[in-house]
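Structure at a glance
Here are the chains, one letter per residue:
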Amino acid sequence: MTPITEEHLMYKLEVEDPKPATSNPLASCYRSAPKSFWLGMGVYMLFVAAATVTSMNANAPHWLDFVFVGLAIAAASYAIFGLRRSVKNSEGVENHVYTESTALAFWMVMLAALAWFFLETFADLPHISAIWTWVYGLVVWSVLYAVESRRMR
């Protein structure tokens with residue numbers, strides 16, 4: 001029987017417990033997003049900006065706002081379905097982490113929005129801007145994605 005040396009233990013640690021590629025799981029998620037996602041989100045932002053500008057212009061017809069918002073929704077849908085294709089083509093663990101964190105975040109945001117709706121309606125709490133729903137959703141998804149990624153290591 002050969003004695004176990006320090007070199008043998010270090011090799012065993014490196015092989016059996018490899019270091020993660022990145023210490024930030026969110027960075028790897030955003031880097032792996034396909035070009036269709038970034039293109040769709042860029043076009044989405046342009047159409048949202050166009051809708052904002054036309055809605056602020058008193059001389060612009062109101063139907064133009066609806067056209068720009070419809071085009072923004074179409075661009076966002078293109079981006080999301082591109083991301084969906086990328087997730088479906090990913091490895092099992094990455095797919096599971098993304099799907100699990102997205103599903104949990106969706107329900108957390110929807111239930112929080114419903115609770116605030118009832119509080120606004122029946123408890124006369126102040127109305128909040130829709131941007132806070134977006135910020136809350138982004139934070140919740142980011143935390144859940146990080147937790148799920150960490151749990152799956």
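Okay, so let's go over this structure. (Residues numbered from 1 in each chain as written. Predicted model: local features only at pLDDT ≥ 70, side-chain atom pairs only at ≥ 80, totals over all residues. Heavy atoms only, no water.)

It is worth spelling out unusual backbone geometry at this point. Phi is positive for Asp-124, close to 55°, though the residue is something other than glycine. Looking at the secondary structure, you find Asp-124 in the loop between α5 (92-122) and α6 (130-152). On the accessibility criterion, Asp-124 (66% relative accessible area) is exposed. (Helix = DSSP H or I, 4+ residues; strand = E, 2+ residues; numbered from the N terminus. Buried < 20%, exposed > 50% of the residue type's maximum accessible area, 1.4 Å probe, protein only.)

This part covers the packing of helix α3 (residues 35-56) against helix α4 (residues 62-88). Contact pair α3 / α4: the axes reach a minimum separation of 8 Å and the direction vectors enclose 165°. As judged from the angle between their axes, α3 and α4 are roughly antiparallel. Judged by the twist between their axes, the crossing of α3 over α4 is left-handed. Along the lines of polarity and charge, the residues of the contact of α3 with α4 split into 20 nonpolar, five polar and two charged. (Axes fitted to C-alpha atoms, helices over the stretch in contact; angles between N-to-C directions. Parallel < 35°, antiparallel > 145°, perpendicular 65-115°, else oblique. Left-handed = near helix turned anticlockwise from the far one by under 90°. Nonpolar A, V, L, I, M, F, W, Y, C, P; charged D, E, K, R; others polar.)

The geometry of two aromatic rings is summed up by the distance between their centres and the angle between their planes. In total, this model carries six aromatic pairs according to the counting rule given. A connected cluster of aromatic rings, assembled from ring pairs, spans Phe-117, Phe-118 and Phe-122. (Phe/Tyr/Trp six-rings, centres within 6.5 Å; stacked < 30°, edge-to-face > 60°.)

A few words on the environment of Ala-76. The topology assignment puts Ala-76 in helix α4. Given the relative accessible area of 17%, Ala-76 is considered buried. Sequence separation of Ala-76 and Met-41 is 35 residues, and the distance between their C-alpha atoms is 5.9 Å. In this structure Ala-76 touches Gly-40 and Tyr-44, once residues within four positions along its chain are discounted. (Contact = heavy atoms within 4.5 Å.)

On to the side chain of Ser-149, then. Within the secondary structure, Ser-149 sits in helix α6. Take Ser-149: its relative accessible area is 13%, and that puts it in the buried class. Here Tyr-145 takes part through its backbone oxygen, which lies 2.9 Å from a polar atom of the side chain of Ser-149. (Polar contact = N/O pair within 3.5 Å; in protein donor to acceptor, adjacent residues only side chain to side chain.)

The next point concerns α5. Compared with an ideal rise of 1.5 Å per residue, which puts 31 residues at 45 Å, α5 spans 45 Å between its outermost C-alpha atoms and is within 8% of the ideal. Within α5, burial applies to Val-97, Tyr-98, Ser-101, Ala-105, Val-109 and Glu-120. One or two steps after α5, the chain reaches Asp-124, where phi turns positive at roughly 55°. (Expected span 1.5 Å × (residues − 1).)

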